[in-house]
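Chain by chain, the residues run as shown.
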Amino acid sequence: MNRRSYREARLDTREEPLHLMARLVRSGMFDSYVVYESGSQWSLGGGALATVRLGADDAADLSRVGERLAAVPVDDWRAYGWATFELGPALAGMDVPGDTPLLHLMVPADEVRVEGGRVLVRSTDPERLDRLVRLVRPVGTAGDDLEPADRMSLPLDDAGDYRAAVAAALREITGDGPLHKVVLSRRLPVPTEADLVATFVAGRRANTPARSFLLDLGGIEAAGFSPETVAEVTGDGTVTTRPLAGTRALTGSAAEDTRLRAELLGDPKEIHEHAISVKLALEDLAAVCDDPQVSEYLTVLERGSVQHLASTVTGRLRPGHGPWQAFAALFPAVTATGVPKAPAYPLLRSLEGRPRGLYAGAVLTCDALGNLDAALVLRSIFRHDGHCWLQAGAGVVRQSRPEREHTETCEKLRSVAPHVVPARR
């Protein structure tokens, strides 16, 4: 296969990265794309130069992903994509029904990266590079199509049997089985057509995510404001994961939020839920890293409509291990699965009644230098096969009460639900 090179242009911009990314997506240049915000850098990959997909039959060994990416016909590549929650059971050797890909990555033909007022534009096609440069150049004020005033009104209360499902999970956890925790979720349907690009802009303005993303790739559309990362791997072999577990609302009242923060830090149920999650994160890292450690423990982070107990776990990859081994060890996030993970999978499938798909999976980037960054897919809106929905869960442990766990799902849904923009007709 003939190798290709990216042509590049570097520009200055005063345009807000959020608005620039949304405007580029709106341009219609890309039949598939991923927008990814990581720290101070925003990036957009559009149009697949090369694609890597894994199904249930070949998902047990993620080292194949690195091998296939190393063979892409372009130097200095960065790949963008997603992994569904069902990749977790496949990695554990379980049967995963259906033929939907569990991992979908693309190395883009076009790429735009923005950081600190500087824009890097890359394309393998000189004509498309020129077109992208013209699009990126400064524009006037934001258009109404990116930030309309309209919002949907979505009732958050559960119309199904979530409380009963929590009670059923409690019976499993308090029985003789191995489960200590299970993170049980519920869906909230979006009944009318939503504008995911405008929802992304509106939701990002109201949230404080660890990562954010907007994508249309492999038949899945999503916009999300991830509260935590599953895995951050650097080229020198440092691995970091940042589990969040334990939740209270953010109300907008400084006094009430301070009271809820103190309640969170003193609640035995929330501390227990967080502690066992951190313990499992350490055990997961120990499979591929030497001497994993907790560098921060039981801090509180604000994430949109909620505040969470947070910790940071780090390690250094052992020789012979790479970013995909680290990702496989940590995926799916313990904070969206259960403790232990393997016995949680069939219980979640039984009680939730359907595959999770991208919910509680990951949106990620990786590159030729060995860097990998994977965001946990929570606080998101999804569209797939003609259906649109939000989804939220809560960690069920021995001390849980069904009504409180239902309330927690409502608190998390408020990170997205008030910002869903209806599509213009």
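Note that this is a predicted model, so its numbers are computed, not measured. (Residues numbered from 1 in each chain as written. Predicted model: local features only at pLDDT ≥ 70, side-chain atom pairs only at ≥ 80, totals over all residues. Heavy atoms only, no water.)

**Student:** Even after reading the chapter, I still don't get the overall build of the protein, so can you show me in this structure?
**Tutor:** Of regular secondary structure, the protein possesses 11 helices and 19 strands. Its C-alpha atoms give the protein a radius of gyration of 21 Å, near enough to 22 Å, the size a compact globule of 425 residues would have. Along the longest, intermediate and shortest principal axes, the C-alpha atoms of the protein span 65 × 50 × 40 Å. Within the protein, the fraction of its 425 residues that count as buried is 58%. Partitioning the intrachain contacts of the protein with sequence separation of at least 6 by distance along the chain shows that 74% fall at a separation of at least 24. (Helix = DSSP H or I, 4+ residues; strand = E, 2+ residues; numbered from the N terminus. Rg over C-alpha atoms; globule rule 2.2 N^0.38 Å. Buried < 20%, exposed > 50% of the residue type's maximum accessible area, 1.4 Å probe, protein only. Contact = heavy atoms within 4.5 Å.)

**Student:** Even after reading the chapter, I still don't get the packing of aromatic side chains, so can you show me in this structure?
**Tutor:** Both the distance between ring centres and the angle between the ring planes are used here to describe each pair of aromatic rings. Tallied over the full model, the rule gives 7 aromatic pairs. Aromatic pair Trp 42 and Phe 200: ring centres 6.3 Å apart, planes at 75°, arrangement edge-to-face. Taken as a pair, Trp 42 in strand E3 (residues 41-54) and Phe 200 in helix H6 (residues 196-206) lie far apart in primary sequence, 158 residues in all. With a centroid separation of 6.4 Å and 80° between ring planes, the pair formed by Tyr 359 and Phe 382 is classed as edge-to-face. Residue Tyr 359 is located in the loop between helix H10 (341-352) and strand E16 (362-367), and its partner Phe 382 is located in strand E18 (residues 380-384); the two are separated by 23 residues in the primary sequence. Residue classification places Phe 382 among the buried residues on the basis of a relative accessible area of 2%. Grouped by ring-pair contacts, the aromatic residues Trp 42, Phe 200 and Phe 225 constitute a single cluster. (Phe/Tyr/Trp six-rings, centres within 6.5 Å; stacked < 30°, edge-to-face > 60°.)

**Student:** How should the pattern of salt bridges be read in this particular structure?
**Tutor:** A side chain with one charge can pair with a side chain of the opposite charge if their charged atoms come near. Applying the stated criterion to the full structure yields 36 salt bridges. Across the pair Glu 15 and Arg 23 runs a salt bridge, and its minimum N-O distance is 2.8 Å. Summarising the burial analysis for this pair, Glu 15 and Arg 23 share the class buried. The network of salt bridges with common partners includes Lys 181, Arg 248, Glu 256, Arg 259, Glu 263, Asp 267, Lys 269, Glu 270, Glu 273 and Glu 405. (Salt bridge = Lys/Arg side-chain N within 4 Å of Asp/Glu carboxyl O.)

**Student:** How do you make sense of the side chain of His 104 when you look at a structure like this?
**Tutor:** For His 104, the location among the structural elements is in strand E5 (residues 103-115). Overall, His 104 belongs to the buried group, its relative accessible area being 5%. At a separation of 3.4 Å, a polar atom in the side chain of His 104 contacts the side chain of Arg 53. (Polar contact = N/O pair within 3.5 Å; in protein donor to acceptor, adjacent residues only side chain to side chain.)

**Student:** Any chance you could explain the pairing of strand E8 (residues 211-217) here in plain terms?
**Tutor:** Consecutive side chains along a regular strand alternate between the two faces of the sheet. Counting buried positions along E8 gives 6 out of 7 residues, so the element sits mostly inside the fold. Relative to E8, strand E2 (residues 33-38) runs antiparallel, the two being bridged by 6 bridges. In the strand pairing of E8, Tyr 33 is matched with Asp 216. Of the strand pairs in this sheet, E8 and strand E9 (residues 220-226) are connected by 7 bridges, and their pairing is antiparallel. Counted as the bridge partner of Leu 217 is Ile 220 from E9. The hairpin formed by E8 and E9 contains 2 residues between the paired strands, and Gly 218 there has a positive phi angle of roughly 60°. (Pairing = 2+ DSSP bridges.)

**Student:** Explanation requested: the packing of helix H7 (residues 254-266) against helix H8 (residues 268-286) in the structure shown.
**Tutor:** Describing two packed helices takes the angle between their axes plus the distance from one axis to the other. Contact geometry of H7 with H8 gives a least axis separation of 5 Å together with a crossing angle of 60°. Considered as vectors, H7 and H8 are oriented oblique to each other. Contacts from Leu 264, Leu 265 and Gly 266 in H7 reach Pro 268, Glu 270 and Ile 271 in H8. Split by residue class, the contact of H7 with H8 holds 4 nonpolar, 1 polar and 1 charged. (Axes fitted to C-alpha atoms, helices over the stretch in contact; angles between N-to-C directions. Parallel < 35°, antiparallel > 145°, perpendicular 65-115°, else oblique. Nonpolar A, V, L, I, M, F, W, Y, C, P; charged D, E, K, R; others polar.)

**Student:** Can you walk me through H7 in this structure?
**Tutor:** Because an α-helix packs 3.6 residues into every turn, residues spaced three or four apart end up facing the same way. With 13 residues, H7 ought to run about 18 Å at 1.5 Å a step, and its terminal C-alpha atoms sit 18 Å apart, in line with that. All buried positions along H7 are accounted for by Asp 257, Leu 260 and Leu 264. Across the axial projection of H7, the buried residues extend over an arc of 65°, all falling on one side. Exposed side of H7, more than 90 degrees from the buried face: Ala 255, Thr 258, Ala 262 and Gly 266 are the residues found there. On its buried face, H7 sits against strand E12 (244-249), H8, strand E13 (289-303) and strand E14 (306-317). (Expected span 1.5 Å × (residues − 1). Arc of directions from axis to C-beta.)

**Student:** What should I look at first to understand the nonpolar core in this one?
**Tutor:** A general trend in soluble globular proteins is that nonpolar side chains are found buried together. The biggest cluster of nonpolar side chains holds 82 residues, and the ones touching the most others in it are Val 65, Leu 69, Val 107, Leu 215, Trp 324 and Phe 327. Residue contributions to this core peak at 6 residues, all from helix H5 (residues 162-173). With near-sequence residues (within four places) excluded, Phe 327 lies in contact with Leu 62, Ala 83, Leu 87, Ala 231, Ala 362, Leu 364, Leu 372 and Ala 374. Counting 45 residues, the second-largest nonpolar core is a separate cluster that includes Tyr 33, Leu 132, Val 197 and Leu 390. (Core = buried A, V, L, I, M, F, W, Y, C linked by side-chain atoms within 4.5 Å.)

**Student:** So what exactly am I meant to see when it comes to the state of the cysteines here?
**Tutor:** Put plainly, two cysteines are in a disulfide when a covalent bond ties their sulfur atoms together. According to the stated counting rule, one finds 0 disulfides in the structure shown. Here Cys 366 is not disulfide-linked; the sulfur of Cys 289 is the nearest cysteine sulfur, at 17 Å. The cysteine Cys 388 is free of any disulfide, with Cys 410 supplying the nearest cysteine sulfur at 18 Å. (Disulfide = S-S within 2.5 Å.)

**Student:** What is the right way to read unusual backbone geometry from this model?
**Tutor:** Note: most peptide bonds trans; most residues except glycine with negative phi. Of note, the bond from Phe 331 into Pro 332 is cis; its omega dihedral lies within 30 degrees of zero at -10°. Tracing the chain through its elements places Pro 332 in the loop between helix H9 (323-330) and strand E15 (338-339). In this chain, Val 339 is followed by Pro 340 through a cis amide linkage whose omega measures -10°. Tracing the backbone through its elements, the reader meets Pro 340 in the loop between E15 and H10. Of note, Asp 291 is a non-glycine position whose phi angle comes to about 50°, a positive value.

**Student:** Would you explain the packing of H5 against helix H11 (residues 402-413) in this entry?
**Tutor:** For the pair H5 and H11, the least separation of the axes is 9 Å and the interaxial angle reads 125°. In this view, H5 runs oblique relative to H11, as classed from their interaxial angle. Crossing of H5 against H11: the hand is right-handed. Along the contact surface, H5 presents Tyr 162, Arg 163, Val 166, Ala 167 and Leu 170, while H11 presents Pro 402, Glu 403, Glu 405, His 406 and Thr 409. Residues belonging to the contact of H5 with H11 are distributed by class as follows: 5 nonpolar, 2 polar and 3 charged. (Left-handed = near helix turned anticlockwise from the far one by under 90°.)

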